[in-house]
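For reference, the chains in residue letters:
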Amino acid sequence: GKYASYFVGSRIISNPALHITTRVDPLFFALAHFQRARSEYSGTGHLEKWQPWDQVLGDMPSPILRALKLDTKLNISGVNKVGQLGHLLDVSDMCGDDLILCKFSEERTLKWLVAKFERSVV
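Residues numbered from 1 in each chain as written. Predicted model: local features only at pLDDT ≥ 70, side-chain atom pairs only at ≥ 80, totals over all residues. Heavy atoms only, no water.

With respect to the overall build of the protein chain
Thought 1: For the protein chain, the helix and strand inventory stands at four helices and five strands.
Thought 2: Beginning at the N terminus, the succession of helices and strands in the protein chain can be written as β-β-α-β-α-α-β-β-α.
Thought 3: Relative to its full complement of 122 residues, the protein chain shows a buried share of 27%.
Thought 4: Taking the intrachain contacts of the protein chain between residues at least 6 apart in sequence as the baseline, contacts between residues at least 24 apart amount to 49%. (Helix = DSSP H or I, 4+ residues; strand = E, 2+ residues; numbered from the N terminus. Buried < 20%, exposed > 50% of the residue type's maximum accessible area, 1.4 Å probe, protein only. Contact = heavy atoms within 4.5 Å.)

So this is what it looks like as structure tokens:
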């Protein structure tokens, strides 16, 4: 509300700004980023085409990359090093180890969201 105080550690903060006090899966922020990119390139199929790893993730904010434990310079040493983004992206080294390609996968994303939901309901 208009007047609010929060306990942050052992301090009381008088500030109406929202503080997130629970863990949030950083993939939700990555998903929001991909959805925003899809709406910007609506109709082009931009994210559904195989592209170099650094092109797909090049405009993702650094805090999201760090939360996903990825190198903010987007250096990657193989398809098995994509971490959690493997839940949202198809990843391939079809052009060799030095060129990792990826594309957004609605199927993988939906599978991840359904599993996330089912774990939260149990």
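Description of the pattern of salt bridges
Thought 1: Counted according to the given criterion, the structure contains four salt bridges.
Thought 2: Here Lys116 ties to Asp25 by a salt bridge, and the two come within 2.7 Å at their closest N and O atoms. In this pair, Lys116 is assigned in helix 4 (residues 106–121) and Asp25 in the loop between strand 2 (11–14) and helix 1 (27–40), connecting sequence segments 91 residues apart.
Thought 3: By relative accessible area, Asp25 is classed as buried at 15%. (Salt bridge = Lys/Arg side-chain N within 4 Å of Asp/Glu carboxyl O.)

Considerations on the packing of aromatic side chains
Thought 1: Under the criterion given, the structure shown has two aromatic pairs.
Thought 2: Residues Phe28 and Trp112 carry aromatic rings whose centres are separated by 5.0 Å and whose planes lie at 50° to one another, so their mutual orientation is tilted. Here Phe28 is found in helix 1, whereas its partner Trp112 is found in helix 4, with 84 residues between them in sequence.
Thought 3: For the ring pair Phe34 and Phe104, a centre distance of 5.8 Å and an interplane angle of 50° mean the geometry is tilted. Linking Phe34 in helix 1 with Phe104 in strand 5 (residues 101–104), this pair joins segments that are 70 residues apart in sequence.
Thought 4: Take Phe34: its relative accessible area is 0%, and that puts it in the buried class.
Thought 5: Looking at Phe104, the relative accessible area reads 4%, which means it is buried. (Phe/Tyr/Trp six-rings, centres within 6.5 Å; stacked < 30°, edge-to-face > 60°.)

Things to note about the packing of helix 1 against helix 4
Thought 1: Two elements in contact, helix 1 and helix 4, have axes whose closest approach is 13 Å; the angle formed by their N-to-C orientations is 145°. Viewed along their axes, helix 1 and helix 4 form a crossing whose handedness is left-handed. Where helix 1 approaches helix 4, its residues Leu27, Phe28, Leu31 and Arg38 are matched on the opposing element by Glu106, Thr109, Trp112, Leu113 and Lys116.
Thought 2: Of the residues belonging to the contact of helix 1 with helix 4, the class tally is five nonpolar, one polar and three charged. (Axes fitted to C-alpha atoms, helices over the stretch in contact; angles between N-to-C directions. Left-handed = near helix turned anticlockwise from the far one by under 90°. Nonpolar A, V, L, I, M, F, W, Y, C, P; charged D, E, K, R; others polar.)

Some thoughts on the nonpolar core
Thought 1: With 23 residues, the main nonpolar core has Ala30, Phe34, Trp53, Leu57, Leu85, Leu88 and Leu89 as its most contacted residues.
Thought 2: Breaking this core down by element, the ones donating at least two residues are helix 1, helix 2 (53–57), helix 3 (62–67) and strand 5.
Thought 3: Broken down by element, the residue count for this core peaks at five residues, all from helix 1.
Thought 4: When sequence neighbours within four positions are dropped, the list of residues in contact with Leu89 reads Phe34, Trp53, Cys102, Lys103, Phe104, Ser105 and Arg108. (Core = buried A, V, L, I, M, F, W, Y, C linked by side-chain atoms within 4.5 Å.)

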